[in-house]
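# Fold and geometry: a report
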Amino acid sequence: MLLDKLFDLLPAQLTHLRVSDGVTVQITSSVVNGEKVTVLFHLPPTYPLCLPDISVSSSTLSRAQCQDIRQKLLIHAVTLPREAMIHQLIEKLQSLAVSESSPGAESEITPDQDQAQWISVLSLDHIRSRSRYISLLERWSKQLQLSGRLILGRNILVLLQGNIAGIKEFCCLLKTVKVDVDSSGRKCKERLMKVLIETPSALSTEKSLQGFEVKECLSLSELCAAFEEVHLTEVYKKLLPSLRD
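Please read these numbers as outputs of a predicted model, since none were measured by experiment.

Before going further, it helps to examine the sheet that holds strand 7 (residues 156–162). What links the strands of a sheet is backbone hydrogen bonding, and the strands pair in either a parallel or an antiparallel sense. Taken in spatial order, the five strands of this open sheet run 10-5-7-6-11, and their pairing is mixed. The open sheet has two edge strands, strand 10 (194–200) and strand 11 (212–216), and neither has a second partner. Strand-to-strand twist across the sheet, computed as the mean angle between neighbouring axes with direction ignored, equals 15°. Judged from the five bridges that link them, strand 6 (residues 147–152) and strand 7 form a sheet pairing that is antiparallel. Residue pairing for strand 7: Ser147 is matched across the bridge by Gln161. Contacts between helix 4 (residues 130–143) and the sheet are confined to strand 5 (118–124), strand 6, strand 7 and strand 11, with strand 11 contributing the most and set at about 140° to the helix. The strands touched by helix 5 (residues 164–176) are strand 5, strand 7 and strand 10; relative to strand 5, the strand with the most contacts, the crossing angle is about 10°.

Right under this line is the structure:
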């Protein structure tokens, strides 16, 4: 059942329902450090194949503390099987402890994990249905608030920048959604996708990539130039040993 055991666990309110948009469920809980917390789970039409979007608010916790809770829930969601998971996320919420910053005050700790930028480079095996494949990559990057670049050539690479939960979800989608066709023309998943690099970005408060672009690089020199263009030369150097000549 879509909302699994949600209503048996905590009071829940169905705040929005439309086939094209999915379902939004509001949960109010007083289990995080004894403080009252409201969590919105937006379940897209493809849930549970795709993770729910999560927002957290509280009248007593600071904005930084709410973001800390949200990030922990998102990261936990990435580790769960792709099946109804709201029940497990509520259980996780009940077990969370947040940082000790004063309620109602802004945190003076380092920038939120939710805002920290990560860089990931993925390797794709093939792209046969080009328009469909690219359309899906662009849509996912926008939905997950990632910036990216699809690089076509001897090496088919996807360069992503954004928060780590979004990158993990992007990778999961590649392996669970039929994005391309095989040599027989049948729809297929990207089972051979590999994560070549996954590292925190040195540009923690600023994105070197903007939007989602498609670029053709037919040689290693062109590929190197593409990485230099977005100030990721060091990433390219780490990537070089795993590339095909």
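Turning our attention to helix 6 (residues 220–229). When helix 6 is considered as a whole, its buried residues turn out to be Leu223, Cys224, Ala226 and Phe227. For helix 6, the angular spread of the buried residues around the axis is 155°, confining them to a single face. At its buried positions, helix 6 is contacted by strand 5, strand 6, strand 7, strand 11 and helix 7 (233–239). Following helix 6 by one or two positions, His231 adopts a phi angle in the positive range, close to 60°.

Moving on: the pattern of salt bridges. If you walk through the whole model with that rule in mind, you get eight salt bridges. Where Asp182 meets Arg186, a salt bridge forms, and the shortest distance between an N and an O atom there is 3.3 Å. Here Arg186 falls in the exposed class, since its relative accessible area comes to 54%. The closest approach of N and O atoms between Glu229 and Lys215, which form a salt bridge, is 3.7 Å. You can see Glu229 sitting in helix 6 and its partner Lys215 sitting in strand 11, a full 14 residues away along the chain. For Lys215, a relative accessible area of 27% corresponds to the partly exposed category.

Bringing a positive patch on the surface into the picture now. A surface patch of positive charge is lined by Arg132, Arg139, Lys178, Lys187 and Arg191. Position of Lys187 among the secondary structure elements: in strand 9 (residues 187–189).

This paragraph deals with unusual backbone geometry. Phi at Gln145 takes a positive value of approximately 60°, unusual for a residue other than glycine. Looking at the element boundaries, Gln145 is found in the loop between helix 4 and strand 6. Overall, Gln145 belongs to the exposed group, its relative accessible area being 58%. In this structure, His231 is a non-glycine residue whose phi angle is positive, near 60°.

The rules behind the values
- Residues numbered from 1 in each chain as written.
- Predicted model: local features only at pLDDT ≥ 70, side-chain atom pairs only at ≥ 80, totals over all residues.
- Heavy atoms only, no water.
- Pairing = 2+ DSSP bridges.
- Helix = DSSP H or I, 4+ residues; strand = E, 2+ residues; numbered from the N terminus.
- Axes fitted to C-alpha atoms, helices over the stretch in contact; angles between N-to-C directions.
- Contact = heavy atoms within 4.5 Å.
- Buried < 20%, exposed > 50% of the residue type's maximum accessible area, 1.4 Å probe, protein only.
- Arc of directions from axis to C-beta.
- Salt bridge = Lys/Arg side-chain N within 4 Å of Asp/Glu carboxyl O.
- Patch = residues over 30% accessible without salt bridge, like charges linked within 9 Å, V, L, I, M, F, W, Y side chains within 5 Å.
- Areas by Shrake-Rupley, 256 points an atom, 1.4 Å probe, with all protein chains shown as cover.
- Lys, Arg positive; Asp, Glu negative; His and termini not counted.
- Charge placed at Lys NZ, Arg CZ, Asp CG, Glu CD.

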